[in-house]
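# Descriptive analysis of the structure
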Amino acid sequence: MAAIEPNTSSSLYSPVGYVPSVTVAAGSTIYTAAIAPTDADGATVGGGDVQAQARRCVANLAVALSEVGARLQDVAKVTICVAERLQADLTVAWDAVHESFGDHRPAAVLLGVTVLPFDEQLVQIDAVAVLPA
């Protein structure tokens, strides 16, 4: 079995790119929190642009994971928070994150929220990744 194996079910609705759960082989678990669309100095990147911010969050996630020997393909679960009022903005963020993961499909949650911590921040990502034993 691969370290992270997507589970599908004919009994559950699964939109394109979404899996309801994954099975994870034993190994080291990495938890990330509040990955923001900021640069190395803490400035928000892509002000007002959900797609640019989502892509920057994934790029920052990739950096955080690489520092502990992990890759985006090691992500078992991702949570995407979008501070926008339009459902279309959630779709834009989802598509940008989905595209960044390529063929890898972690379990995912997409949430619309009221506000995020940094000025002009519209997107934030949390993830759980697993390194093989």
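Placed above this text is the structure.
Quick summary incoming for the structure in this document. (Residues numbered from 1 in each chain as written. Predicted model: local features only at pLDDT ≥ 70, side-chain atom pairs only at ≥ 80, totals over all residues. Heavy atoms only, no water.)

## Some thoughts on the side chain of His 104
The test is simple: Going along the chain from the N terminus, every DSSP run of H or I of four or more residues is numbered as a helix, and every run of E of two or more is numbered as a strand. Side-chain atoms alone can form a polar contact between residues adjacent in sequence; in general such a contact is a pair of N or O atoms within 3.5 Å, and within protein one must be able to donate a hydrogen while the other accepts it. Note on definitions: a residue-residue contact is assigned when non-hydrogen atoms from the two residues lie within 4.5 Å.
Considering the arrangement of structural elements, one finds His 104 in the loop between α2 (87-100) and β5 (107-112). Polar side-chain contacts of His 104 include one of 2.7 Å to the backbone oxygen of Val 75. Setting aside its immediate chain neighbours within four residues, His 104 contacts Ile 4, Leu 72, Gln 73, Asp 74 and Val 75.

## Points about the pattern of salt bridges
In plain terms, the rule: Between Lys or Arg on one side and Asp or Glu on the other, a salt bridge is scored when a side-chain nitrogen of the former is within 4 Å of a carboxyl oxygen of the latter. The rule is simple: take the accessible area with a 1.4 Å probe, protein chains only, and divide by the maximum for that residue type; under 20% is buried, over 50% is exposed, in between is partly exposed.
Inspection of every chain in the model, using the stated rule, returns 2 salt bridges. Among the salt bridges present, the one from Glu 99 reaches Arg 55, with a minimum N-O distance of 3.2 Å. Here Glu 99 is found in helix α2, whereas its partner Arg 55 is found in helix α1 (residues 50-66), with 44 residues between them in sequence. Note on Glu 99: relative accessible area 53%, which makes it exposed. In this structure, Asp 74 and Arg 71 form a salt bridge, with 3.7 Å as the shortest nitrogen-oxygen distance.

## Some remarks on the environment of Gln 73
If you trace the backbone, Gln 73 turns up in the loop between α1 and β4 (75-82). In this view, Gln 73 contacts Ile 4 and His 104; residues no more than four positions away in its chain are not counted.

## Some details on the nonpolar core
The tendency in soluble globular proteins is for nonpolar side chains to be buried as a group. Heads up, the condition is: For this analysis, a nonpolar core means a set of buried residues of the types Ala, Val, Leu, Ile, Met, Phe, Trp, Tyr and Cys, connected via side-chain atoms within 4.5 Å.
Leu 61, Leu 65, Val 75, Ile 80, Val 97, Val 123 and Ile 125 are the most contacted members of the largest nonpolar core, which totals 27 residues. Only β3 (27-35), α1, β4, α2 and β6 (123-132) provide two or more residues apiece to this core. The element best represented in this core is α1, accounting for 6 residues. With residues up to four places along the chain from it excluded, the contact list for Ile 80 reads Ala 93, Trp 94, Val 97, Val 109, Leu 110, Leu 111, Val 123, Gln 124 and Ile 125.

## A word on empty space enclosed by the protein
Under the convention used in this document: In this analysis a 1.4 Å probe is tested at points of a 1 Å grid over the protein atoms alone, and where it fits but cannot get out there is a cavity; an open set with protein on both sides within 12 Å along at least five of seven lines is a pocket; lining residues have an atom within 4 Å of a point. Grid points are joined across faces, edges and corners, and a volume is the space filled by probe spheres set on the points.
Summed over the entire model, instances satisfying the criterion amount to 1 cavity of 30 Å³ or more. In this model, the largest cavity occupies a volume close to 80 Å³. Along the wall of the largest cavity there are 11 residues; nearest its centre are Trp 94, His 98, Phe 101, Pro 106 and Ala 108. Those elements giving two or more residues to the lining of the largest cavity turn out to be β4 and α2.

## Section: the pairing of β4
Rules: The rule for pairing is simple: two strands pair if DSSP sees at least two bridges between them.
Across the 8 residues that make up β4, a large majority, 7, are buried. By the bridge criterion, 7 bridges tie β4 to β6 in an arrangement that is antiparallel. In the sheet register, Ile 80 faces β6, and the bridge partner there is Ile 125. As judged from the 6 bridges shared by β4 and β5, these two strands associate in the parallel manner. What sits directly across from Val 82, in β5, is Gly 112.

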